[in-house]
Amino acid sequence: FAQETKITVREDQNAPKISKHIYGHFAEHLGRSIYDGFYVGDTSAIPNKEGVRTDIIQALKEIQIPNLRWPGGCFADTYQWKDGIGPQEERPTMVNSWWGGVTEDNSFGTHNFLNLCEELGAEPFISGNVGSGTVKDFADWVQYTNHPAGSPMAKLRKENGREEPWNVKFWGIGNEMWGCGGNMTAEYYANIYKQYATFMNASENNENLYRIAAGATGDDYHWTEVLMREVPKSLIEAVGLHHYAVIDWKAKGPSTNYTEDIYFKSMKEALKMDEFVTKHIEVMEKYDPENEIDLAVDEWGGWYEVEEGTNPGFLYQQNTMRDAMIAGATLNIFNNHSERVKMANIAQTVNVLQAQILTEGEKMILTPTYHVFKMYTVHHDARLLPVAFDSPNYIFNGESLPAISVSASKSETGSTSISLVNIDAKKEHKVEIELEGLDVKKMQGQILRSGKIQDHNTFDDPDKITIKDFKDFSLKNGKLSMVLPPFSVVVLSSKK
Ligand code: AHR
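Residues numbered from 1 in each chain as written. Predicted model: local features only at pLDDT ≥ 70, side-chain atom pairs only at ≥ 80, totals over all residues.

Here we come to the overall build of the protein. Each helix and strand in the protein was counted, giving nine helices and 27 strands. Its C-alpha atoms give the protein a radius of gyration of 22 Å, near enough to 23 Å, the size a compact globule of 496 residues would have. Overall, the protein is about 65 × 50 × 45 Å in size when its C-alpha atoms are taken along their principal axes. Out of the 496 residues belonging to the protein, those deemed buried represent 50%. Sequence-distant contacts, at least 24 apart, represent 76% of the contacts inside the protein between residues at least 6 apart. (Helix = DSSP H or I, 4+ residues; strand = E, 2+ residues; numbered from the N terminus. Rg over C-alpha atoms; globule rule 2.2 N^0.38 Å. Buried ≥ 20, exposed ≤ 12 C-beta atoms within 10 Å, placed from the backbone. Contact = placed C-beta atoms within 7 Å.)

Read from one edge to the other, the open sheet built from five strands follows the order β17-β1-β22-β26-β25, with strand pairing classed as mixed. Strands at the two margins of the open sheet, each flanked by one partner only, are β17 (387–388) and β25 (473–476). Here two bridges tie strand β1 (residues 5–10) to β17, and the two strands are oriented antiparallel to one another. Within β17, the residue paired with T8 across the bridge is A388. (Pairing = 2+ DSSP bridges.)

Surveying the vicinity of the ligand reveals the residues E28, G72, G73, C74, N175, E176, E299, A347, Q348 and L353. Looking at the shell around the ligand residue by residue, the class counts come to three nonpolar, four polar and three charged. (Near = placed C-beta within 6 Å. Nonpolar A, V, L, I, M, F, W, Y, C, P; charged D, E, K, R; others polar.)

Counting buried residues along strand β27 (residues 488–495), seven of its eight residues qualify, which places the element largely inside the surrounding structure. Alignment of strand β21 (residues 416–422) against β27, held across six bridges, turns out to be antiparallel. The residue of β27 that forms the bridge with V421 is V489.

Moving on to the domain arrangement of the protein. When the parts of a complex come together, some accessible area is lost, and that lost area is often used as the size of the interface. Domain parsing of the protein yields domain 1 (5–10 + 385–495) and domain 2 (20–379). For domain 1 and domain 2, the distance between their C-alpha centres works out to 29 Å. Facing the 31 residues of domain 1 at the interface are 35 residues of domain 2. Elements represented by at least two residues in the side of domain 1 that touches domain 2 include exactly β20 (404–410), β21, β23 (442–448) and β27. With four residues, the top contributor of residues to the side of domain 1 that touches domain 2 is β20. A class-by-class count of the residues in the side of domain 1 that touches domain 2 yields 16 nonpolar, 14 polar and one charged. (Domains from an automatic or database assignment.)

Here the focus is the environment of A425. Along the polypeptide, A425 turns up in the loop between β21 and β22 (429–436). Residues A425 and E260 lie 165 residues apart in sequence; the distance between their C-alpha atoms is 7.5 Å.

Dropping the structure here:
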């Protein structure tokens, strides 16, 4: 091998907690995400609970899904929530103008979504319509979901069969307002944001609202600067940020049959997340040194060409070991910035973009991305352990990227966990980890790897890539040694 990489992981009682909401998910009315994805309807032969597939519910419970963002995305700023309540057969239809121009029959609406979140034990995160909605409709939605009794919206909710409010905490105020949300300037949106946030105070539970301003994309630091400068702290809890690993919007490359050149470019785009998060946080610190406003990366993931023969507006793509690399490295970035990054939502959960779950008829498969989320559950709400090291390089065509990414945490029960990703497509890397101030005697490991970077699970071979036990490490006198195989994700946790 190349040289051994020395890593230190140290105890720090003052380090922040890694919010479990960093491990959030996203379900938009897009392609086969909701319809023919989550939702098959309660008359389907596919086992379901209130129309939602029970195999999907089970799979998401197993990764301890902390929150689910809905109904968009771009769809959110076209969505009229009142069309999605009441008797299903009476609901008006609409055109899903962003995604394939298909008819949305509104059969999956607010009740379906919020009941699903209850079933999952996940916090709902509703992205409200700002772009084509009204302040009143938005305020009514908050009342409908959160007001206990005695208001017109609480009455309507009860008439529709739900007595108790759901007490929705997470609210996105529009989505991508610089683009599909209305092509606004940051200055214009900051004013609109304040208007919407002001009238969301209609509910008795208002003090529990967590309002997320639609954020910048990538390196648009001006957007964050304007929001931080213009919006008073009393009206905002978090600022959003979106970043997709796309190599070129006009030629996104295939999801499975890609070259190492494309792989390298995808990883380069994905790893830019570190720089973006760091610099947006710097802007936020200028206006909020007290660290009261959070950064919510409420859309992220790999974005490729759709699978051949599928609707281009449906964004259906396969998911390979490249996606496992993107997921593992990105989640490490969020963990290491957990001082300010308190929420993130991978795009998207089922059948869209970097999905955790793919379905075909009654079949369902779990993707390599899903397995990474499963391995990383050890970090949910655990205290960050700071990590220091210089990564070896992954070199391709004379360009280089850091090959290794690491994050670590200590759970409330005292278990130390370390997640390591080696994105190098060809080389294994030897690492030695010094555990400073951590009394760790025994660890157990898991690994996600495969023979080829393009490998993926299919409906015919659903378990080609699964989590395996990893025993190939040694732990002596607080020093862990191991060899990380090419393009692998390893998670180690201490045991008593
Ligand atoms: O996730 C797909 C789309 O990507 C979302 O609807 C939009 O917010 C983003 O541009």
